[in-house]
Amino acid sequence: MPGRASDPIVIPDELWERPQMTQALTSRDIGTVFRLLRQYAGATQTQIAIACGLTQGRVSEHMKEGGRRVTELEVFERIADGLQMPDAARMTLGLAPRTRPGVPAPRTSEPQARTGIVRTDPRSTEADPSNPMDISQLTRWLTASDTADETIESLARSTTSLASAHTQVPAKSLLSQVLRLHRRTQDVLQSSRPRPRHTRELLRIDADLLAHAAVIFGDVNLDHHAEQYAAAALILAREAGTNAAFAWYAQAKTARWQDRLIEAADYARQGYEASPHTPMKTQLAWYEANAAALLGDWTRARQAVKRAEQSAETIHDSPTDRSVWSFPTERHALFALSVATRTGDPDGALQAAEMADTAWAAGAPVAPAIWAQIRVGTGVAHLLKGDLEGTAEQLGQLLTLDPGMRLTTVTRYVADLDRRLSHPRYRNTSLAAQLRAQIHDFNAAALTDDIDTERP
C-alpha cells in the first residue's frame, strides 16, 4: 500500500538485485527505477521526491513511459544517495562506490529524517573521539584481506591480454570476454576484503576494462553503451588515482562517432593534458586534430597536429605492442590520412597511406580494421585527385575483409566513400555505380557473427 509523504520508503534488499532493476541501472533509466520502487516498495512520487531532493512534478516526468531522462552526473549522485543504493547498484549505474568493499560505512545519526529511507542493514560503528586511535586495530584492518596478490596479478594479466587481442579477435567475441572479466573484477571487489592497495589496483584494472569495453561498443555501433562505459571508466580511474588517458580516449572516440565533434575534440585535449608521456598522449593529440578537421576548424586541427608531432618525437611505441591502447606507425598514418582528406590534401593523404604500407611491408603486424580504414582513406584520396580507377583498386582489396572485422569504424568510412561517389559528377559513370553496389553489399554483410554480448 502506498505510504504517506511523511513515511520513510522501505526498500527490500532484493529489489536492487532484480533483473529489471539491474537493466534499468545499466541503461541509466531512472524512470524505470522509480516505477520499480512504486511497484515493489510501495513508494509514492512524493516520497521519492523527498528522498531524492527532487520535486514531485519532476519525478512524475521521469516516471512517464518515454518521459524525461536524467543526464546530469550530479542528479544521478543525488538519487543514488537519496535512495541509499548499495555499492553494487551504484556501480551498475556508473557511479563510484561509497565505501571500500568489505568495510562497513559509518552511519549518520538520523538517516530516516535525512533521507526518508529505512536502512535494511542494522550494522553501525560508533567512534569515540576522546579515545586515541587503536594502532593495532588499524594495522589489522590494513593487513587483513582474503584477496591474494596472485588474484590481482591474474586479473591484470588477463586485462592486458584482452587489450593485446583487440586488433585480431572479432569485436563481438572480444566484447563478451571483456565484460566477463569486468564482472570477475567486480566480484572480487564486492565479495572479498581487499587491502587498500588491492582496492586501488582493482579499480584501476576495472577502469581499463570499462574503457576497453567502451571502445568495442563503439566498434559494433552501440554508442549509447559506449558513452556509459567510458564515463564509468573515468570515475573508476579517478577513484584509483591512476592515469585516466584510456577513459578520455574512449569518451573522445564515442563522441566523434556520435558526431559530437566539439566534445570529441575537447575530450581528446583533456586526455592529452592529463596523460603521461606515453603513445596514448600522441594518439589523443591526433584525435583532437581529426575531430577539429571534421568540424572545419583548420586552426585547431593544425595546432593539434603540431602537438601530436612534437609528442611523437619523444615517445616511441614498442614495435611489438599492438594493443587497443598502442599507437604504432600505421595507426599514426591513419590519423594523418584522415586529417589530410578532410583538409583537402590528397597528396598528403597518399603519403600517409604509403607510410602505413611501408611499415607492413617491413613486417609490422597487420591490424585488419586499421588496414581496411587505410584502404578506404586511400580510395578517397584517389577520388579527390579524380582517379576513379585508383579508388576501385583500393575498394577491390577491401572486399576481402572478413565480415567479423568489418567494424562500425570501417563501415562508416566506407559509407563516407559512398556519399562521395553519389556526387552528380559520377551520376552517369558505370564504374561509380558498380563501386556503390559493392559498398552496399560490403556493409550489409558487416558483423554478421552476432553473439550475445551479455548484460554487464
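Look a little higher up for the structure.
If you're wondering where the values come from, they're calculated on a predicted model, not measured in any experiment.

(A) Spatial organisation of helix H14 (residues 261–274). Here H14 is 14 residues long and its end C-alpha atoms lie 20 Å apart, about the 20 Å a rise of 1.5 Å per residue gives. By the burial criterion, the buried members of H14 are Leu261, Ala264, Ala265, Ala268, Gly271 and Tyr272. On an axial view of H14, the arc spanned by its buried residues comes to 130°, and they lie on one face. Those residues of H14 that are buried are in contact with helix H13 (245–257), helix H15 (279–295) and helix H16 (298–314).

(B) Examining the environment of Ser311 more closely. Within the secondary structure, Ser311 is located in helix H16. Put simply, Ser311 and Lys281 are 30 residues apart on the chain and 7.2 Å apart in space, counted from C-alpha to C-alpha. Beyond its immediate chain neighbours, meaning those up to four positions away, Ser311 contacts Lys281 and Thr282.

(C) The packing of helix H18 (residues 346–361) against helix H19 (residues 368–384), seen in detail. Their axes nearest at 9 Å, the elements H18 and H19 cross at an angle of 150°. The orientation of H18 with respect to H19, classified from their angle, is roughly antiparallel. Judged by the sense of rotation from one axis to the other, the crossing of H18 with H19 is left-handed. The segment H18 lies against H19, with Pro346, Ala349, Leu350, Ala353, Ala356, Asp357 and Trp360 engaging Ile370, Trp371, Ile374, Arg375, Thr378, Ala381, His382 and Leu384. Partitioning the contact of H18 with H19 into residue classes produces eleven nonpolar, two polar and two charged.

(D) Spatial organisation of the nonpolar core. Core analysis: the largest hydrophobic core is formed by 105 residues, its most contacted members being Trp286, Trp325, Ile374, Leu388 and Leu421. For this core, the element with the most residues is helix H11 (residues 196–219), which contributes twelve residues.

(E) Broad picture of empty space enclosed by the protein. A complete count under the given rule lists three cavities of 30 Å³ or more for this structure. What lines the largest cavity is a set of 34 residues, among which Tyr249, Arg331, Ile370, Gln373 and Thr409 lie closest to the centre. Put simply, the parts of the chain that give the lining of the largest cavity at least two residues each are helix H10 (171–191), H11, H13, H15, helix H17 (329–342), H19 and helix H21 (408–421). With five residues, the single largest contributor to the lining of the largest cavity is H17. Residue composition of the lining of the largest cavity, grouped by class: 19 nonpolar, nine polar and six charged.

Basis of the calculations
Residues numbered from 1 in each chain as written. Predicted model: local features only at pLDDT ≥ 70, side-chain atom pairs only at ≥ 80, totals over all residues. Heavy atoms only, no water. Helix = DSSP H or I, 4+ residues; strand = E, 2+ residues; numbered from the N terminus. Expected span 1.5 Å × (residues − 1). Buried < 20%, exposed > 50% of the residue type's maximum accessible area, 1.4 Å probe, protein only. Arc of directions from axis to C-beta. Contact = heavy atoms within 4.5 Å. Axes fitted to C-alpha atoms, helices over the stretch in contact; angles between N-to-C directions. Parallel < 35°, antiparallel > 145°, perpendicular 65-115°, else oblique. Left-handed = near helix turned anticlockwise from the far one by under 90°. Nonpolar A, V, L, I, M, F, W, Y, C, P; charged D, E, K, R; others polar. Core = buried A, V, L, I, M, F, W, Y, C linked by side-chain atoms within 4.5 Å. 1 Å grid on protein atoms, 1.4 Å probe; cavity = no way out; pocket = protein on both sides within 12 Å on 5 of 7 lines; lining within 4 Å. Points joined across faces, edges and corners; volume = space filled by probe spheres on them.

Without other data, these values stay purely geometric and don't point to any function.
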